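Coordinate analysis (summary)
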Amino acid sequence: MSDIRILAIESSCDETAAAVVEGGRKVLSNVIYSQIDLHTLYGGVVPEIASRKHIEKINPVIEKALSEAGCTLSDIDAIAVTYGPGLVGPLLVGVAEAKAIAFATGLPLIGVHHIKGHICANYIEHEDLKPPFISLVVSGGHTHLVRVVDYCTYEVIGRTRDDAAGEAFDKVARAIGLGYPGGPKIDEAAKKGNAEAIVFPKAKVGDSAYDFSFSGIKSAVLNYLNHAEMKGETVDRCDLAASFQKAVVDVLTEHAVMAIRQFGLKEIALAGGVASNSALRASMTEACDKEGVRFYCPSPIYCTDNAAMIGVAAYHEYRNGNFADFTLNALPSVPIA
Ligand code: KG4
Ligand code: ZN
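Procedures and definitions
Residues numbered from 1 in each chain as written. Chains lettered and ligands numbered in written order. Predicted model: local features only at pLDDT ≥ 70, side-chain atom pairs only at ≥ 80, totals over all residues. Heavy atoms only, no water. Axes fitted to C-alpha atoms, helices over the stretch in contact; angles between N-to-C directions. Helix = DSSP H or I, 4+ residues; strand = E, 2+ residues; numbered from the N terminus. Parallel < 35°, antiparallel > 145°, perpendicular 65-115°, else oblique. Left-handed = near helix turned anticlockwise from the far one by under 90°. Contact = heavy atoms within 4.5 Å. Nonpolar A, V, L, I, M, F, W, Y, C, P; charged D, E, K, R; others polar. Buried < 20%, exposed > 50% of the residue type's maximum accessible area, 1.4 Å probe, protein only. Pairing = 2+ DSSP bridges. Right-handed = clockwise from strand over helix to strand, strands pointing away. Phe/Tyr/Trp six-rings, centres within 6.5 Å; stacked < 30°, edge-to-face > 60°. Arc of directions from axis to C-beta.

As for the packing of helix H7 (residues 215–230) against helix H8 (residues 237–263)
- One can describe the packing of H7 onto H8 by two numbers: an axis separation of 11 Å at closest approach and a directional angle of 160°. When the axes of H7 and H8 are compared, the pair comes out roughly antiparallel. Our pair here, H7 against H8, has a crossing hand that is right-handed. Across from Ile 217, Val 221, Tyr 224 and Leu 225 in H7, the residues of H8 making contact are Leu 240, Phe 244, Ala 247 and Val 248.
- Split by residue class, the contact of H7 with H8 holds eight nonpolar, no polar and no charged.

A word on the pairing of strand S9 (residues 267–271)
- Within S9, five of the five residues are buried, which leaves it mostly tucked inside the rest of the structure.
- Sheet analysis places strand S6 (residues 133–138) next to S9, joined by four bridges and oriented parallel. Paired with Leu 136 across the strands is Leu 270, a residue of S9.
- Considered for its hand, the β-α-β crossover made up of S9, helix H9 (residues 278–291) and strand S10 (residues 294–296) is right-handed.

Quick look at the packing of aromatic side chains
- For the coordinates displayed, the defined rule picks out seven aromatic pairs.
- For the pair Tyr 123 and Phe 133, a centre-to-centre distance of 6.2 Å together with 85° between the ring planes defines the contact as edge-to-face. Of this pair, Tyr 123 sits in helix H4 (residues 114–125) while Phe 133 sits in strand S6, placing them ten residues apart in sequence.
- Looking at Phe 133, the relative accessible area reads 0%, which means it is buried.
- Clustering of aromatic rings is evident, with ring pairs tying together Tyr 123, Phe 133 and Tyr 151.

Considerations on helix H5 (residues 165–175)
- Within H5, the full set of buried residues consists of Ala 165, Gly 166, Ala 168, Phe 169, Val 172 and Ala 173. Along the axis of H5, the buried residues cluster in a sector spanning 155°; they form a single face.
- As for H5, its buried residues are in contact with S6, strand S7 (143–150), helix H6 (182–191), H7 and H8.

This is the structure in structure tokens:
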């Protein structure tokens, strides 16, 4: 099993990605074609444009992943692909491609849940991380607090009721004129600002301890900007970015710590694009130190969308015998459990 080689494909949003992963951990290649520049023109991802770009890029990206790994398809043991959640058009491109390769080669096909992929990114660089543990998945499309029971069993204990954390970063960045994608830009601006300058409401939901709500905080930022404009006051964008970021990071950290205490687990793994956020990493590191809990986080390249993480998740599905057939379809809002 340790030499099983998987060719993995990821196209759920605006990255066309392919990777070859050996033994569920060793990344032989990890090719990512990012469409960010294309979508920046529109201030966010345009699904139809993303689908068309995926069609154009998917074959060259796969060829590059195979050649960088020093492989041909005859060295590969299975084809894995993200089948959901995500944008339906972009997902369909990856799923159709994976099915075509599996059909032509006779190789087994594995459908991978995108959020499981984000969590599995942690196994690439952290050999000591083993289930059970808590994972906080924060990305542009998802915010989930998950109990990872074993390599293929996941239980959602909290989720966002409205916007995902990354979506809130992107919307606030747009409102203060920082551009797209907003997360990294807010992260940078916040370093020059005072996080205590403005108090924004905590992104909590009254009736569920673990769920999140980020649309309220986003609206509070927009209201703050409108009021300032009406009064002719100038807003310090760095203070605003830092204060907004603190409100989001505080609530994410609090919920993660609460989950660790309730489930008596000693390890927590961050995942998803927002896991690159420097304030979130610092806050989680400090909280985990205090709780005596080990904190894991992937390198930034494995936080945002990539196919290596899909290859890792697929390895565990392979070991469990969880193969797909040619009825595999793109499922834009499939739950994790
Ligand atoms: O995981 P990902 O690549 O795509 C989804 O599955 O959604 O996450 C992209 C999200 C975007 O919203 C982006 O603004 C956010 O991750 N992001 C960040 C940072 N880097 C990326 N958010 C906050 N701070 C960052 N440094
Ligand atoms: Zn993602």
